[in-house]
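# Coordinate inspection notes
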There are 2 protein chains.
Amino acid sequence: MSSDPASRPNGASVLTAACPSRQALALIAGKWALLVIPALDNGPLRNGELLRRIGGISQKVLSQTLKDLERNGLVIRADLASKPLHVEYRLSELGRSLSSALIVVDRWAETHHAALAEARRQFDDRLG
Amino acid sequence: MSSDPASRPNGASVLTAACPSRQALALIAGKWALLVIPALDNGPLRNGELLRRIGGISQKVLSQTLKDLERNGLVIRADLASKPLHVEYRLSELGRSLSSALIVVDRWAETHHAALAEARRQFDDRLG
DNA sequence: CTGTATCCGTCGCGATACTG
DNA sequence: CAGTATCGCGACGGATACAG
C-alpha cells in the first residue's frame, strides 16, 4: 500500500490484508458495475437506453447500481428537468479511468469464453 | 459477439444481452477471484500461503474459489503427494492472460480508493 | 497442512406493483 | 420516462467442527 503501484513488478503482493482498496474492489465485485460502466464509456445514456443495452438487468438493480456509482463519484447524473422526464448518466473522469480497465476485462471475457466452456466440459467429464 | 473485440473502438456495445460472455464474467463477479488470480501471478502458491497473502478470506471460500477456477481452466492444482500434505496452485496460460487484465483493475483500486472515499464523503454530506 | 461438512445469517437481485 | 416500495428466494460467504 505504501509504495507506488506502478513501480511494482507484475502482480506483486497486491491488496493483501484489510487495506482500504478492498472497498474500491467491492464496487466492481457485483455482477453489474462491470457492465454498466463500460456501457457508458461512449457517452451519456438514459435509464431506458441502459436497460436495453445491458440485457437482463432489472430496473431496480440498475437504479441501485447507478446510485452506488454516483455516490462513489464514478457516474454523474444529469437531470434535464423536462416533461417527459429526461435523465442522463455519464462517466466522470474517475469513472472513465476505471472504464478503460474494465473494458480490458470485458474483452477478455468475450475472447476466452469458449475456452472456459471447453475447460468446464473436460473437467466435468472426468468426473460424473 | 461476431466481430473481433480488438477491432472495436473503446467500449462500443460490449457484452449486451445474454451472450455467453456473461458466464465468463460470472467468474470475476465474486469478491475473491479478483484477488486470488493476481496473487498467483508471480508463481505457484500453497493453500496456507494464499490464506495469508489474501487477508480476510476463509478456508472454505478459498477452496471453493480455487475449485471453481480450476474447473474453468484458469488454475492448475498440483498435488505433490507427500506427508505432510503439499499442494500447489498455479495459473494456466489462460489464467495468466486474465491475471494481467485483473491486475490493472487492482492497481486502479489501489490508486483511486482515496478519491472514491472522498466522493462518498461529499455525497453523504449533501444529504443526512 | 489441506481440505470437506454443516449451520446460518446476510444481501444481491428478480418480479411485481405503484408514484411523480 | 424515471424511479421507489415491497416481497421473497437463493446464493455468497463467515464460523466452527471434523477428516485425510
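As shown above, the structure is provided for reference.
Figured I'd write up the structure that's included with this text. Please read all numbers here as calculations on a predicted model, not as lab measurements.

### Overview of the protein's contact with DNA strand C
Near DNA strand C, the surroundings consist of 17 residues, among which K60 of chain A together with R46, K67, R77 and Y89 of chain B are the closest. At the protein interface, 64% of the atoms of DNA strand C within 4 Å belong to sugar or phosphate. A distance of 3.0 Å is found between a phosphate oxygen of DNA strand C and a backbone nitrogen or oxygen belonging to G48 of chain B. Interatomic distance of 2.5 Å between a side-chain N/O atom of Y89 of chain B and a phosphate oxygen of DNA strand C. Put simply, the parts of the chain that give the surface near DNA strand C at least two residues each are helix 4 (59-71) of chain A together with helix 3 (47-53), helix 4 (59-71) and strand 3 (86-91) of chain B.

### Some thoughts on the sheet that holds strand 3 (residues 86-91) of chain A
Residue and element names in this part refer to chain A. Taken together, the three strands give an open sheet; going across it, the order is 1-3-2, and neighbouring strands pair in antiparallel fashion. The open sheet has two edge strands with one neighbour each: strand 1 (45-46) and strand 2 (75-80). Two elements, strand 2 and strand 3, share six bridges in a ladder whose sense is antiparallel. Across the sheet, the residue bridging to D79 is V87, located in strand 3.

### Points about the pattern of salt bridges
Residues and elements named next belong to chain B. For the coordinates displayed, the defined rule picks out 14 salt bridges over all chains. A salt bridge links R96 to E93; the nearest nitrogen and oxygen atoms lie 3.1 Å apart. One end of the pair, R96, and the other, E93, are both in helix 5 (residues 93-125), three residues apart, so they sit about a helical turn from each other. A salt bridge links D125 to R121; its shortest N-O distance comes to 3.5 Å. Linking D125 with R121, this pair stays in helix 5, spanning four residues, or about one helical turn.

### Topic: the protein's contact with DNA strand D
By nearness alone, 16 residues border DNA strand D, and R46, R77 and Y89 of chain A together with K60 and L85 of chain B come closest of all. By atom count, sugar and phosphate contribute 61% of the portion of DNA strand D lying within 4 Å of the protein. At 2.8 Å, a side-chain N or O of K67 of chain A approaches a phosphate oxygen of DNA strand D. One nitrogen or oxygen atom from the main chain of K31 of chain B is found 3.2 Å from a phosphate oxygen belonging to DNA strand D. Contributions of two or more residues to the surface near DNA strand D are made by helix 3 (47-53), helix 4 and strand 3 of chain A together with helix 4 of chain B.

### Some thoughts on the side chain of N72 of chain B
Here N72 of chain B shows up in the loop between helix 4 and strand 2 (75-80). Side chain to side chain, N72 of chain B and R120 of chain A meet in a polar contact 2.8 Å long. A polar contact is formed between the side chain of N72 of chain B and the backbone oxygen of D68 of chain B, at a distance of 2.9 Å. With near-sequence residues (within four places) excluded, N72 of chain B lies in contact with L116, A119 and R120 of chain A together with L27 and L94 of chain B.

Thresholds applied
- Residues numbered from 1 in each chain as written.
- Chains lettered and ligands numbered in written order.
- Predicted model: local features only at pLDDT ≥ 70, side-chain atom pairs only at ≥ 80, totals over all residues.
- Heavy atoms only, no water.
- Near = heavy atom within 4 Å.
- Polar contact = N/O pair within 3.5 Å; in protein donor to acceptor, adjacent residues only side chain to side chain.
- Helix = DSSP H or I, 4+ residues; strand = E, 2+ residues; numbered from the N terminus.
- Pairing = 2+ DSSP bridges.
- Salt bridge = Lys/Arg side-chain N within 4 Å of Asp/Glu carboxyl O.
- Contact = heavy atoms within 4.5 Å.

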